[in-house]
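These are the residues of each chain, in order.
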Amino acid sequence: MGEALTIDSTVTLTNGVAMPRLGLGVYEMRVGAETLGAVRGAFEAGYRHVDTAKLYGNEREVGAAVRASGIARSEIFVTTKLWNSDHGYDATRRAFAASVERLGLETVDLYLIHWPVHGRRADTWRALEAIYEEGRARAIGVSNYTTRHLEELLAACRVAPMVNQVEFSPFLYQRDLLAYCRERGIVLEAYSPLTKGERLGDATLARVAARHGVSPAQVLIRWALQRGVVVIPKSARRERIVQNARVFDFALDEKDMAALDALHEDLHTSWDPTDAP
Ligand code: NDP
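Every value quoted in this text rests on a predicted model; they were computed, and no experiment measured them.

Draft legend 1. Expanded view of the overall build of the chain. Each helix and strand counted, the chain has 10 helices and 10 strands in total. What you see for the chain is a C-alpha radius of gyration of 18 Å, in line with the 19 Å of a compact globule of 277 residues. With respect to the principal axes defined by its C-alpha atoms, the chain has extents near 55 × 40 × 30 Å. Relative to its 277 residues, the chain shows a buried fraction of 55%. At a minimum sequence separation of 6, the contacts of the chain that also span at least 24 residues come to 75%. Here the chain carries 34 positive and 36 negative side-chain charges, and the mean point of each set is 3 Å from the other.

Draft legend 2. Focus on the packing of helix α3 (residues 89-103) against helix α4 (residues 121-133). Axis separation between α3 and α4 bottoms out at 8 Å; the angle between their running directions is 45°. Between α3 and α4, the angle is such that the two are oblique. In the packing of α3 onto α4, the handedness of the crossing is right-handed. Side by side, α3 and α4 meet where Tyr89, Thr92, Arg93 and Phe96 of the first sit next to Asp123, Thr124, Arg126, Ala127, Leu128, Ala130 and Ile131 of the second. Each residue belonging to the contact of α3 with α4 can be placed in one class, and the counts come to 6 nonpolar, 2 polar and 3 charged.

Draft legend 3. Region of interest: the nonpolar core. Within the largest apolar cluster, 84 residues are counted, with the highest numbers of intra-cluster contacts made by Leu24 and Tyr111. Tallying contributions element by element places helix α8 (residues 216-226) first for this core, with 7 residues. Each residue touching leucine 24, except ones within four places of it in the same chain, is listed here: Met29, Ala38, Val39, Ala42, Tyr47, His49, Val50, Asp51, Pro233, Ser235 and Ile241.

Draft legend 4. Local environment of the environment of phenylalanine 43. Along the polypeptide, phenylalanine 43 turns up in helix α1 (residues 33-44). For phenylalanine 43, a relative accessible area of 6% corresponds to the buried category. Residues phenylalanine 43 and arginine 30, spaced 13 residues apart in sequence, show a C-alpha to C-alpha distance of 18 Å.

Draft legend 5. Examining the environment of arginine 158 more closely. Considering the arrangement of structural elements, one finds arginine 158 in the loop between α5 (147-156) and β8 (163-167). Counting along the chain gives 33 residues from arginine 158 to tryptophan 125, while the straight-line C-alpha distance between them is 9.5 Å. Once residues lying within four places of it in the same chain are set aside, the contact partners of arginine 158 are Glu129 and Glu133. A polar contact is formed between the side chain of arginine 158 and the side chain of glutamate 133, at a distance of 2.8 Å.

Draft legend 6. Quick look at the pairing of strand β7 (residues 140-143). What you see with β7 is no split at all: Ile140 and Val142 on one side and Gly141 and Ser143 on the other are buried throughout. Across 3 bridges, strand β6 (residues 110-113) lies against β7 in parallel orientation. The residue bridging tyrosine 111 from the neighbouring strand is isoleucine 140, located in β7. Between β6 and its parallel partner β7, the chain crosses via α4, and the hand of that crossover is right-handed.

About the thresholds
- Residues numbered from 1 in each chain as written.
- Predicted model: local features only at pLDDT ≥ 70, side-chain atom pairs only at ≥ 80, totals over all residues.
- Heavy atoms only, no water.
- Helix = DSSP H or I, 4+ residues; strand = E, 2+ residues; numbered from the N terminus.
- Rg over C-alpha atoms; globule rule 2.2 N^0.38 Å.
- Buried < 20%, exposed > 50% of the residue type's maximum accessible area, 1.4 Å probe, protein only.
- Contact = heavy atoms within 4.5 Å.
- Lys, Arg positive; Asp, Glu negative; His and termini not counted.
- Charge placed at Lys NZ, Arg CZ, Asp CG, Glu CD.
- Axes fitted to C-alpha atoms, helices over the stretch in contact; angles between N-to-C directions.
- Parallel < 35°, antiparallel > 145°, perpendicular 65-115°, else oblique.
- Left-handed = near helix turned anticlockwise from the far one by under 90°.
- Nonpolar A, V, L, I, M, F, W, Y, C, P; charged D, E, K, R; others polar.
- Core = buried A, V, L, I, M, F, W, Y, C linked by side-chain atoms within 4.5 Å.
- Polar contact = N/O pair within 3.5 Å; in protein donor to acceptor, adjacent residues only side chain to side chain.
- Pairing = 2+ DSSP bridges.
- Right-handed = clockwise from strand over helix to strand, strands pointing away.

So this is what it looks like as structure tokens:
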């Protein structure tokens, strides 16, 4: 590892924009007080990055929490995503404008295509390029893209995607995709890094966690950071939001990392884009 990781660590996207390595995911967080409270709690715990989407229905709360935080807008990184029903050039332009309106922010830091919808995604990407060139999104990218989808996009685009957000954990250790993205300057962002809670009881994970005196969730977040990706664990509970950010005062050694790498079982906890046309 190079420089020591801290909660303020960022990765620099190809266009020079700094993206915080740790963010709060807000999928399945209830509209209203739950999301507002979680995002506020995250800012208090030192997070400076929130990952939402039109699909999650809580862009309003995320934007309100950002605006109420008292933190300079330039210090907070906000991602939102284009939903599947909004693909196509004009529909994407409208969907982006509506997301920005709900967020109540001038710009978003990262706008992602949520899923590689067949037959529509090329036109959608042209709209993202325009949004980027107009300065309305500081960076653009994709989500749930396999190497196949990325190859198709890279062959046709004017602006290359800066980020690919995919499911990534020791239980779904996508080494080839990570290497592919790294070679092309695309930052890989890990969603469902805690396996949605499904593997937190794993014995190997428990052993590593006990050795460091931390929780299985903390080990998974630390593993993702040490594998060089951006990571966005979700919790709606204040104490877990704080706990998930306490991953900078311990480090996994090579043996720990190898034991965790070996947990790969191709686990997809929500969607699997492998065969998406
Ligand atoms: P995660 O892997 O982050 O797991 C979240 C679950 O783990 C929740 O049930 C949460 O419960 C629980 N949890 C959180 N912290 C702890 C802890 N310290 N100890 C024990 N349990 C804990 O799942 P997500 O699927 O939400 O992924 C994270 C984010 O990634 C999403 O919120 C979203 O922003 C993004 N995402 C993107 C997708 C895409 O297609 N682009 C798909 C899926 C997710 P509780 O809230 O009660 O604490």
